[in-house]
Amino acid sequence: MEDHYRTLKAPSAPQLFKDRGSKFFGYAFPIIHADEVGPIIETLKKEHHTARHWCYAYQLGLGEPEYRANDDGEPSNSAGQPIYGQIQAFELTDVLVVVVRYFGGTKLGVGGLINAYRTGAKLALEASEIETRYVEIPFVIKTPYNLLGRIMRLISDMNINILSQESAQDVTLSLSVRASQIDRVKNEVKKLYPAQFIPTN
């Protein structure tokens with residue numbers, strides 16, 4: 001099961017690329033939902049209010065990710081797709097890359113635009129701090145007190161995260177574990193009957 005992915009730790013600083021008078025400012029942002037894209041673009045339009053184009057691409061999720069590439073008035077596939085190609089090249093998801101263009105008076109042609117937008121995106125991603133994150137699945141273990149020591153050893157051995165603990169007649173532990181380890185945890189808990197593994201979703 002795919003349970004890890006690469007994304008950005010924080011937004012990048014703007015990165016400038018110049019070609020024949022045109023200026024291209026590249027930005028990269030971590031995002032978790034497509035609804036974040038519009039407000040970010042509007043903020044950049046206010047910041048760069050004399051620019052000509054605000055082209056972007058984003059990708060969200062794992063497996064069959066959601067993505068979009070937007071040329072914002074540039075020739076078809078000359079801006080959004082080169083930007084998206086860099087997201088793929090860096091193997092990232094949950095990320096938005098925007099390249100803002102100030103027209104310098106000289107047309108670059110489709111090939112020049114592809115290179116400029118690709119380079120702007122690449123510079124922004126190279127300037128970003130990239131981190132690996134893990135997909136974790138929440139679950140609950142309910143255990144009698146006489147098995148708590150063995151359950152806690154299992155939690156320690158498998159690097160399971162403890163979210164909360166409640167004590168009554170039994171102990172209820174709210175936990176989360178990497179998705180690739182969930183079946184192993186289930187099997188180990190079965191060996192500790194009457195402790196119970198309880199899915200939460």
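See the structure above.
Each chain has its residues counted from 1, following the order in which its sequence is written. Whole-chain, interface and lining totals are the exception, using all residues; otherwise, since this is a predicted model, local features are given only for residues with pLDDT of at least 70 and side-chain atom pairs are given and counted only at 80 or more. No hydrogens and no water enter the side-chain calculation; it runs on all heavy atoms of the structure.

## Here we look at the overall build of the chain
And then number 1: Each helix is a run of DSSP H or I of at least 4 residues and each strand a run of E of at least 2, with the numbering of both proceeding from the N terminus. When its secondary structure is counted, the chain shows 5 helices and 11 strands.
And then number 2: We compute the radius of gyration over the C-alpha atoms and compare it with the globule rule, which gives 2.2 Å times the number of residues raised to the power 0.38. Scaling as 2.2 N^0.38, a compact globule of 201 residues should have a C-alpha radius of gyration of about 17 Å, whereas the chain reaches 24 Å, well beyond that.
And then number 3: Overall, the C-alpha framework of the chain stretches about 80 × 30 × 25 Å when taken along its three principal axes.
And then number 4: For each residue, the accessible area found with a 1.4 Å probe, counting protein chains only, is set against the maximum for its type, and the residue is called buried under 20%, exposed over 50%, and partly exposed in between. Across the 201 residues of the chain, 43% fall into the buried class.
And then number 5: A contact between two residues is defined here by any heavy atoms of the two lying within 4.5 Å. Here the analysis covers contacts within the chain between residues at least 6 apart in sequence; of these, 70% occur between residues at least 24 apart.
And then number 6: Values of accessible area rely on a 1.4 Å probe in the Shrake-Rupley scheme; residue burial ignores everything except the protein chains shown. Of the roughly 10,800 Å² of accessible surface on the chain, a fraction of 47% belongs to carbon and sulfur atoms.

## Topic: the pairing of strand β6 (residues 95-102)
Strand residues, when the strand is regular, have side chains that alternate between the two faces of the sheet.
And then number 1: With respect to burial, β6 is a largely interior element, 7 of its 8 residues being buried.
And then number 2: At least two bridges found by DSSP between two strands is the condition for calling them paired. As defined by bridge partners, strand β3 (residues 22-30) adjoins β6 across 8 bridges and the pair is classed as antiparallel. In the strand pairing of β6, A28 is matched with V97.
And then number 3: Where strand β4 (residues 53-60) meets β6, 7 bridges bridge the pair, whose relative direction is antiparallel. The residue of β6 that forms the bridge with C55 is V99.

## Topic: the layout of surface pockets
And then number 1: Within this model, the largest pocket holds a volume of roughly 180 Å³.
And then number 2: Buriedness of a pocket was judged along seven lines, with at least five required to meet protein on both sides within 12 Å; pockets are open sets of points on a 1 Å grid over the protein atoms alone, cavities are sets where a 1.4 Å probe fits but cannot get out, and lining residues have an atom within 4 Å of a point. What lines the largest pocket is a set of 13 residues, among which E2, Y5, L62, E91 and T93 lie closest to the centre.
And then number 3: The element best represented in the lining of the largest pocket is strand β1 (residues 4-8), accounting for 3 residues.
And then number 4: For this classification, Asp, Glu, Lys and Arg are treated as charged, while Ala, Val, Leu, Ile, Met, Phe, Trp, Tyr, Cys and Pro are nonpolar and the rest, including Gly, are polar. For the lining of the largest pocket, the per-class residue count stands at 4 nonpolar, 6 polar and 3 charged. Grid points are joined across faces, edges and corners, and a volume is the space filled by probe spheres set on the points.

## As for the packing of aromatic side chains
And then number 1: Pairs were defined over the aromatic rings of Phe, Tyr and Trp, the Trp ring being its six-membered one, requiring ring centres within 6.5 Å. Orientation was assigned from the angle between planes: stacked under 30 degrees, edge-to-face over 60, tilted for the rest. For the coordinates displayed, the defined rule picks out 6 aromatic pairs.
And then number 2: Ring centres 6.4 Å apart and planes at 45° place the aromatic pair F17 and F24 in the tilted group.
And then number 3: Overall, the relative accessible area of 0% leaves F24 in the buried class.
And then number 4: When the centroid spacing of 4.8 Å and the interplanar angle of 15° are considered together, the rings of Y67 and Y84 count as stacked. Here the residue Y67 occupies a position in strand β5 (residues 66-70), and Y84 occupies one in helix α2 (residues 80-89), the gap between them amounting to 17 residues.

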